Amino acid sequence: MSRSNESQDEEIVQRLQDSMKALDDVCEPADIPSLATLESRVREQRRITRRANLVEIICFWFVALMIITLGTLLFVSSPAVYLGIQVLGTVIAVIVAALWLVRHRKETMNHE
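Residues numbered from 1 in each chain as written. Predicted model: local features only at pLDDT ≥ 70, side-chain atom pairs only at ≥ 80, totals over all residues. Heavy atoms only, no water.

K.L.:
It is not clear to me how the packing of aromatic side chains should be interpreted in this structure. Could you clarify?
P.N.:
Where two aromatic rings form a pair, the distance of their centres and the angle of their planes describe that pair. In total, this model carries 1 aromatic pair according to the counting rule given. The interplanar angle of 75 degrees and the centroid separation of 5.9 Å between the aromatic rings of Phe60 and Trp61 together place this pair among those described as edge-to-face. Taking the relative accessible area as the measure of exposure, Phe60 reaches 55% and is therefore exposed. According to the relative accessible area criterion, Trp61 is exposed, its value standing at 51%. (Phe/Tyr/Trp six-rings, centres within 6.5 Å; stacked < 30°, edge-to-face > 60°. Buried < 20%, exposed > 50% of the residue type's maximum accessible area, 1.4 Å probe, protein only.)

This is the structure we're talking about:
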């Protein structure tokens, strides 16, 4: 390498450093929160998540108990209606599954 290339490289490096210093002066320094602040944020987020999960679990159990109670009352008061609903649901599920399989096979045959 010649002297002129080295001096050009040094000049470029110097200009880059000056530009970086000017950029640092223009930009505000990053505000890094303390460890205690971060820990309190994590604790607060966990508390919120735990409370939300508790509400969801309570709602789930409430709805489940209502469904079980209504099913039991329906079965006790009218077993024929209860069994009819069960059979109807099963038949509908089988029909939907059969239609899906037929459609899936047609799509597979069309692609080949």
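Let's pick the thread back up.
K.L.:
Would you explain a nonpolar patch on the surface in this entry?
P.N.:
Residues Ile57, Phe60, Trp61 and Leu65 make up a contiguous nonpolar surface patch of about 470 Å² in total accessible area. If you trace the backbone, Ile57 turns up in helix α2 (residues 35-77). Using a relative accessible area of 47% as the deciding quantity, one classes Ile57 as partly exposed. (Patch = residues over 30% accessible without salt bridge, like charges linked within 9 Å, V, L, I, M, F, W, Y side chains within 5 Å. Areas by Shrake-Rupley, 256 points an atom, 1.4 Å probe, with all protein chains shown as cover. Salt bridge = Lys/Arg side-chain N within 4 Å of Asp/Glu carboxyl O. Helix = DSSP H or I, 4+ residues; strand = E, 2+ residues; numbered from the N terminus.)

K.L.:
Even after reading the chapter, I still don't get the pattern of salt bridges, so can you show me in this structure?
P.N.:
A side chain with one charge may pair with a side chain of the opposite charge, provided their charged atoms come close. For the structure on display, the rule yields 2 salt bridges. The salt bridge involving Glu11 is made with Arg15; its shortest N-O contact spans 3.3 Å. With a gap of 4 residues between them, Glu11 and Arg15 both fall in helix α1 (residues 3-26), about one helical turn apart. A salt bridge links Arg47 to Glu44; the shortest N-O distance between them is 2.6 Å. Placement of both Arg47 and Glu44 in helix α2 is noted, with a separation of 3 residues, approximately one turn of the helix. Overall, the relative accessible area of 36% leaves Glu44 in the partly exposed class.

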